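Here is how the chains run, residue by residue.
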Amino acid sequence: MKIYNTITRKTEEFVTHEPNLVKMYVCGVTVYNDAHVGHAMSALVFDIIRRYLMYRGYEVKYVMNYTDVDDKIINRANELGVPPLELSNRYIEDYARDLQSLNVLPATSNPQVSKTIPLIIQFIAGLIEKGHAYAASNGDVYFRVTSDEDYGRLSGRKLEDMQAGARIEVGEAKDHPMDFALWKAAKEGEISWDSPWGKGRPGWHIECSAMNLAELGEQIDIHGGGNDLIFPHHENEIAQSECYTGKEFSRYWVHNGMLQLGGEKMSKSLGNIVSIKEFLSKREADVMRMLVLNGTYRAPLLFNNDTLDAAEKNVARLKSGLKPASPSAKGLAPEAESTLKSAAESAKANFIEAMDNDFNTAGAIAALFELVKMINTARDNGATQAQIQPAQESFRELSNVLGLKLEDKQGSEGADAFINLLIEVRGEVRKQKLWAMSDLIRDRLKELGVTLEDSKDGTTWKWS
RNA sequence: GGCGUCGUCGCCAAGUGGUAAGGCAAGGGUCUGCAAAACCCUUAUUCGCGGGUUCGAAUCUCGCCGACGCCUCCA
């Protein structure tokens, strides 16, 4: 199995620290308003990776954190007049529901900054002790970037280059302009905790280093997140963790590309946001997942009506493979049956080959389409349900690995009886060849979200 | 300006040295009263542009052009 590693910029063989165990940490969200579909992309990418690792026999310890102490949370809480942790807790619950709606498996654990303060303080004290950090005159504690020889190796930057950037201002309390805050002194009335350096709260990056240590230990296998986190967030995490433990922090760094809305990255600061809830009110979760699967997780992903419509059709096409055989099917010849069987086997082999190559989901999806076509052909040729069942089960197994539900849409409960009645009446009308009336029933039902499909065995229907 | 990713059919997108997957859209056909769905057939001598390496390159290399991301909070 191969995996692209940001830190080496190479696709490498995947080898874990411990056999059959993957320790995986994914940067979650800062909880202060509704999560958007860009967050969904990231969550889906790592959910797919996790599911595949599980499928390949690994136990996966999957940690996703919540940043619940931060400037933005504090500002928003002040606007709304609620305590910051109350606000963040509300959005933590909200995000958990969003993820569930997207069929993202729950993390093994979801640490929060506010519950990790003692360890964070211990971590910072340890860095000071080793000369990697210092308490400044203003009550902040900073990490000393010049104390880390490797600083910049994830993002491929050199300290000299970074200083050349025009936007960097030398903070009066910092020894070096690139030094970053581990601990921020509290402003008047702000949420804070006691520490050896006075009242304050953790800086952004230290939380992830501390929570990693608490949840997974000194060394992990995969650290994931959006590629916008490479610098400074992940760069700083590496600096902190490796200076603290003296060991390589994460073996593989995995970063997803950004969702593009109108040619630009979707982000809070640009304001071009579609929330997950807004998306799910219009399309099913499988559509978002299919959009991600059809692309490359590391590349930018186009999010617009055209790509979403295509994803929706792809989902419908996959669902077609799960339709049952006709009850009156005459059965398939033995050689056709074995063709289907070998199609299922080669689909599985192609699926694994694609996914083993740095989670090539587009290739994996192609394998599923091939299998769907073979199943549909067999059904068209008169296969019985017993004959297509094994291939459908293989197909189910593989689509589950990708987290696709492929469920039929649900309409109003209790409508079934009435719809069936209409279909029965229409059947009588059709016997009398009253086509105009028959088509009227079909068209009106379509408008109401019910699609009829006539076949030799009668009429079937589904919500659309 | 620095660092990085990328540019393959109308659209989305695999393929990373051996002669272009898959889906959508489009056209033709089978089935159907007509549809829908499904199935069959057709649709890139060519991979941003220009050199180079090689028996052979979309795949390696150099240059150029273009897009996007990061360098400031961000999945």
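For the structure, check the block above.
A brief structural summary.

### What to know about the pattern of salt bridges
What the rule picks out here adds up to 28 salt bridges. Residue R76 is joined to E79 by a salt bridge in which the shortest nitrogen-to-oxygen separation is 3.8 Å. Of the two residues, R76 and E79 both sit in helix α2 (residues 71-80), three residues apart, roughly one turn of that helix. With a relative accessible area of 25%, R76 lands in the partly exposed category. Here E397 and K348 are joined by a salt bridge, their closest N and O atoms 3.4 Å apart. Of the two residues, E397 is situated in helix α13 (residues 385-401) and K348 in helix α11 (residues 334-356); the sequence distance between them amounts to 49 residues.

### Examining the packing of helix α4 (residues 117-129) against helix α6 (residues 206-216)
Between α4 and α6, the least distance of the axes is 9 Å, while the angle of their chain directions is 105°. Overall, the two elements α4 and α6 adopt an arrangement that is roughly perpendicular. Side by side, α4 and α6 meet where L119, I120, F123, I124 and L127 of the first sit next to I206, E207, S209, A210, L213 and A214 of the second. Among the residues forming the contact of α4 with α6, the class breakdown is nine nonpolar, one polar and one charged.

### A few points about the sheet that holds strand β5 (residues 133-135)
In spatial order, the strands read β5-β6-β7-β8; together these four strands make up an open sheet with antiparallel pairing. Only two strands of the sheet have a single partner each, and these edge strands are β5 and β8 (200-202). On average, each strand axis in the sheet is tilted by 20° relative to the strand beside it, whichever way the strands run. Looking at chain direction, strand β7 (residues 180-185) and β8 are connected through three bridges and run antiparallel. Its bridge partner being in β8, A185 is matched across the sheet by G200.

Rules behind the numbers
- Residues numbered from 1 in each chain as written.
- Chains lettered and ligands numbered in written order.
- Predicted model: local features only at pLDDT ≥ 70, side-chain atom pairs only at ≥ 80, totals over all residues.
- Heavy atoms only, no water.
- Salt bridge = Lys/Arg side-chain N within 4 Å of Asp/Glu carboxyl O.
- Helix = DSSP H or I, 4+ residues; strand = E, 2+ residues; numbered from the N terminus.
- Buried < 20%, exposed > 50% of the residue type's maximum accessible area, 1.4 Å probe, protein only.
- Axes fitted to C-alpha atoms, helices over the stretch in contact; angles between N-to-C directions.
- Parallel < 35°, antiparallel > 145°, perpendicular 65-115°, else oblique.
- Contact = heavy atoms within 4.5 Å.
- Nonpolar A, V, L, I, M, F, W, Y, C, P; charged D, E, K, R; others polar.
- Pairing = 2+ DSSP bridges.

Any functional reading would require information that these geometric values do not contain.
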